[in-house]
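Single-letter residue listing:
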Amino acid sequence: DGGITQSPKYLFRKEGQNVTLSCEQNLNHDAMYWYRQDPGQGLRLIYYSQIVNDFQKGDIAEGYSVSREKKESFPLTVTSAQKNPTAFYLCASSDRALTFGSGTRLTVV
Amino acid sequence: AQSVTQLGSHVSVSEGALVLLRCNYSSSVPPYLFWYVQYPNQGLQLLLKYTSAATLVKGINGFEAEFKKSETSFHLTKPSAHMSDAAEYFCAVSLYSGNTGKLIFGQGTTLQVKP
């Protein structure tokens, strides 16, 4: 079945460490997105990519980085520069509407 | 700037009762509008979308929404609530027909269904 796979489901990070969240899709979508969700808030766009080897910052890109070397993959790195990284991270791809993965819950310990 | 406001962070209904979740948007151009549902610790699932065709949009699981330009609203309804409808619901707007993944989301409404 086509879909988006995010891994790991839960991730713990020590302060000062970088961590990479994986996102893979087999929907053959050109566009991919990373959103952040905090309790009681909606989703906010971190980065998006509409084509391989190209990506754009969203509304809250500071402290994050991405790459898009393959159509199927769009990993997100949460760097030590991100001041408040504890959140639920959602990857999505889009044709005419967003299709979401099941998310990665990142906790800084 | 475009924005989305969901009125009521929590809505509680009895099983079998009407579900009404409110969404208002601000936009200077015709918007594309979406409703998504999220179950605990899962991603979001598309319920329905409005893309300038019919103003009454039917979605999955018996939900529908009506686009009212004069009221800048896109409220979500379901005639009869089921226990399985308990979840968080998000309204979202996109102003870019060429990029329906770059969305502005509302803060979400948690729907509780009482037996």
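Coordinates for the structure precede this section.
The structure displayed is predicted, hence computed values, not measured ones.

The number of helices and strands found in chain A is zero helices and eleven strands. For a compact globule of 109 residues, the expected C-alpha radius of gyration is about 13 Å, and chain A comes in at 13 Å, within 12% of that figure. Taken across its 109 residues, chain A has 50% of its residues classed as buried. As displayed, chain A has an accessible area near 5400 Å², and 45% of this comes from carbon and sulfur atoms. One way to put it: in chain A the 12 positive side-chain charges average out to a point 6 Å from where the 11 negative ones average out.

Attention shifts here to the overall build of chain B. Each helix and strand in chain B was counted, giving zero helices and eleven strands. Along its sequence from the N terminus, chain B presents helices and strands in the succession β-β-β-β-β-β-β-β-β-β-β. Over its C-alpha atoms chain B spans a radius of gyration of 13 Å, differing by no more than 12% from the 13 Å that the globule rule assigns to 115 residues. Judged by the C-alpha coordinates and their principal axes, chain B covers about 40 × 30 × 20 Å. Taken across its 115 residues, chain B has 44% of its residues classed as buried. Summarising the internal contacts of chain B: among those between residues at least 6 apart in sequence, 56% fall at separations of at least 24. Only carbon and sulfur atoms are counted for the fraction: they give 52% of the accessible area of chain B, which is about 5400 Å². Of note, chain B has its 8 positive side-chain charges centred 7 Å away from the centre of its 6 negative side-chain charges.

All right, on to the interface of chain A and chain B then. On the side of chain B, 21 residues touch chain A, which itself brings 24 residues to the contact. Here chain A packs against chain B, burying approximately 1600 Å² in sum over the two surfaces, 48% of which is carbon and sulfur. Looking only at chain A, the three residues that lose the most surface to chain B are A:L43, A:L98 and A:F100, adding up to 24% of its buried area. If you look at where chain A meets chain B, you find zero salt bridges. Applying the counting criterion to the chain A and chain B interface returns seven residue pairs in polar contact (both at pLDDT 80 or more). Tallied by class, residues from the side of chain A that touches chain B come to eleven nonpolar, eight polar and five charged.

What follows deals with the side chain of A:T79. Residues and elements named next belong to chain A. If you trace the backbone, T79 turns up in the loop between β8 (76-78) and β9 (87-94). The buried category is assigned to T79, whose relative accessible area is 18%. Leaving out residues up to four positions away in the same chain, T79 has contacts with R13, Q17, N18, G63, Y64 and S65.

Procedures and definitions
Residues numbered from 1 in each chain as written. Chains lettered and ligands numbered in written order. Predicted model: local features only at pLDDT ≥ 70, side-chain atom pairs only at ≥ 80, totals over all residues. Heavy atoms only, no water. Helix = DSSP H or I, 4+ residues; strand = E, 2+ residues; numbered from the N terminus. Rg over C-alpha atoms; globule rule 2.2 N^0.38 Å. Buried < 20%, exposed > 50% of the residue type's maximum accessible area, 1.4 Å probe, protein only. Areas by Shrake-Rupley, 256 points an atom, 1.4 Å probe, with all protein chains shown as cover. Lys, Arg positive; Asp, Glu negative; His and termini not counted. Charge placed at Lys NZ, Arg CZ, Asp CG, Glu CD. Contact = heavy atoms within 4.5 Å. Buried area = accessible area lost by both parts, 1.4 Å probe. Salt bridge = Lys/Arg side-chain N within 4 Å of Asp/Glu carboxyl O. Polar contact = N/O pair within 3.5 Å; in protein donor to acceptor, adjacent residues only side chain to side chain. Nonpolar A, V, L, I, M, F, W, Y, C, P; charged D, E, K, R; others polar.

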